Amino acid sequence: MKIIIVGASGTIGQAVAKELGKKHEIIRAGRNGMDVTVDITSMDSIKNMYEQVGKVDAVISATGGAHFASITELTPELNEIGIESKLKGQINLVLLGMNYVNDSGSFTLTTGIMMDDPIPLGASAAMANGGVKAFVKSASIEMPRGIRINSVSPNVLQESLGKYGEFFPGFEAVPASRVALAFKKSVEGAQTGQNYEVY
Ligand SMILES: NC(=O)c1ccc[n+]([C@@H]2O[C@H](COP(=O)([O-])OP(=O)(O)OC[C@H]3O[C@@H](n4cnc5c(N)ncnc54)[C@H](OP(=O)(O)O)[C@@H]3O)[C@@H](O)[C@H]2O)c1
C-alpha cells in the first residue's frame, strides 16, 4: 500500500513509519516533511499535499497540537490552537483527502487518553480528542467506496515521559511500538469507526 503519514518525524509517527514501512510505501509528511510538506492548519497546504502525492491507499495523521493550560487560564484564543490543529486539521485531512484515497482505503487519526482519563491543564486537548473520536464514529457509517476511518487513542508514551511525564502521574506509559500496532490494525484490518485505545 501507498501510505501518507502526517507527523512522520514525531514520536508516534516515527514508530508508525517503522512498523508500516516493513511492508508498505511510506510518504513522510509534516511542516518539514521528508517527502512532502504540509501544515494541517492550512486548507491550501493540505490540498497541495494531496495534489503532489496523488492517489494513496491510506492516510495516517500522527499529529495535532493543542495548548495545555488550566481551565481558568485557557482563553478562547488559546483554545483555538487545539481547534485549528488537532480537531479541524485532522478532520480536514479527511474532508479534503476523500477523493485521493483509493477504494477500500483508510484514514486513521490520533486522539488520546486525556479525553477519558482527565489530567489538569488538559481540557483543550481533551475537547479536540473527543471531537475527533465522535467525527470518526459518525463519518464511518457513510464513507464512500469502502473507505474506512478509525482513530488511535494512546496513553502517554514511554518515549515522551521526559516531556510530558509530570502531567501524567500514575499513568502506565506505553511504548511507541505498541501504539504503532494500533495504526497497523487500522490500516491493514477491516474495522471502521473504531477508536483504538492503547492504554
Ligand atoms: N506523545 C504522547 O505521549 C502522546 C500520547 C497521546 C496522544 N498523543 C498525540 O499524538 C499526536 C502526536 O504526538 P507526538 O508526541 O508523536 O508528537 P511530536 O513528537 O511532537 O511530533 C509531532 C509531529 O507532527 C508534525 N506536525 C506538528 N504540527 C504540524 C502541523 N501543523 N501540520 C503538519 N504536521 C505537523 C511534526 O513535524 P513538523 O514539525 O515537521 O511539522 C511531527 O512530525 C498528537 O496529537 C498528540 O497529542 C501523544
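As the structure is a computational prediction, the values presented were derived from the model and not from experiment.

Q: Help me understand the side chain of Ser140 in this model?
A: If you trace the backbone, Ser140 turns up in the loop between helix H4 (123-139) and strand S6 (148-154). Residue contacts for Ser140: discarding those within four places in its chain leaves Ile149, Thr192 and Gly193.

Q: How should the nonpolar core be read in this particular structure?
A: Within soluble globular proteins, side chains that are nonpolar generally end up buried alongside one another. If you look at the biggest cluster of nonpolar residues, it comprises 29 residues, and the most contacted ones within it are Ile4, Met49 and Phe107. Counting only elements with at least two residues in this core, the list comes to strand S1 (2-6), strand S2 (25-30), helix H2 (43-53), strand S4 (56-61), helix H3 (76-95), strand S5 (101-110) and H4. Counting residues per element, this core draws most heavily on H4, at five residues. Counting residues in each nonpolar core, the second largest holds 23 residues, with Ala17, Ile26, Ala180 and Val198 among its members.

Q: I'm lost on the site of the ligand in this one. Help?
A: Taken together, 25 residues are adjacent to the ligand, and Ser9, Ile12, Arg31, Thr63 and Lys86 come closest. The contact in question runs from an oxygen atom of the ligand to an N or O atom on the side chain of Ser9, over 2.6 Å. Between the ligand and the protein, one listed contact pairs an oxygen atom with a backbone N or O atom of Leu157 at 2.9 Å. Within the residue set of the shell around the ligand, elements represented by two or more residues are helix H1 (11-20) and helix H5 (161-164). Among the residues forming the shell around the ligand, the class breakdown is nine nonpolar, twelve polar and four charged.

Q: How do you make sense of the pattern of salt bridges when you look at a structure like this?
A: Side-chain pairs of opposite charge can arise where the charged atoms are in close proximity. In the structure shown here, the tally under the stated rule is six salt bridges. A salt bridge links Glu19 to Lys184, with the shortest nitrogen-to-oxygen separation between them at 3.9 Å. With a gap of 165 residues between them, Glu19 in helix H1 and Lys184 in helix H6 (residues 176-188) connect regions that are remote in the sequence. Since its relative accessible area comes to 22%, Lys184 is described here as partly exposed. Three or more residues are tied together by salt bridges with common partners; here these are Glu19, Lys22, Lys23, Lys184 and Glu188.

Q: Just checking my understanding: could you explain unusual backbone geometry for this structure?
A: Residues apart from glycine generally show negative phi values, whereas peptide bonds are mostly found in trans. At Ser104, a residue that is not glycine, the phi angle is positive and equals roughly 65°. Assignment of secondary structure puts Ser104 in strand S5. In this model, Leu121 sits at a positive phi of 80°, which is unusual for a non-glycine residue. In this fold, Leu121 is placed in the loop between S5 and H4.

Q: I would appreciate a short explanation of the packing of aromatic side chains in the present structure.
A: Two descriptors summarise a pair of aromatic rings, namely the distance from one centre to the other and the angle between the planes of the rings. Evaluation of the coordinates by the stated rule reveals three aromatic pairs. Between Tyr50 and Tyr100, the aromatic rings sit 5.2 Å apart at their centres with planes inclined by 10°, giving stacked as the arrangement. Separated by 50 residues along the polypeptide, Tyr50 in helix H2 and Tyr100 in the loop between H3 and S5 bring together distant segments of the chain. On the accessibility criterion, Tyr50 (0% relative accessible area) is buried. On the basis of relative accessible area, Tyr100 is assigned to the partly exposed category, the value being 23%. Ring geometry for Phe68 versus Phe167: centroids 5.9 Å apart, planes at 45°, classification tilted. Note that Phe68 is positioned in the loop between S4 and H3 and Phe167 in the loop between H5 and H6, a separation of 99 residues in sequence. Under the relative-accessibility criterion, Phe68 is labelled partly exposed at 30%. Owing to a relative accessible area of 26%, Phe167 belongs among the partly exposed residues under this scheme.

What counts and how
Residues numbered from 1 in each chain as written. Predicted model: local features only at pLDDT ≥ 70, side-chain atom pairs only at ≥ 80, totals over all residues. Heavy atoms only, no water. Helix = DSSP H or I, 4+ residues; strand = E, 2+ residues; numbered from the N terminus. Contact = heavy atoms within 4.5 Å. Core = buried A, V, L, I, M, F, W, Y, C linked by side-chain atoms within 4.5 Å. Buried < 20%, exposed > 50% of the residue type's maximum accessible area, 1.4 Å probe, protein only. Near = heavy atom within 4 Å. Polar contact = N/O pair within 3.5 Å; in protein donor to acceptor, adjacent residues only side chain to side chain. Nonpolar A, V, L, I, M, F, W, Y, C, P; charged D, E, K, R; others polar. Salt bridge = Lys/Arg side-chain N within 4 Å of Asp/Glu carboxyl O. Phe/Tyr/Trp six-rings, centres within 6.5 Å; stacked < 30°, edge-to-face > 60°.

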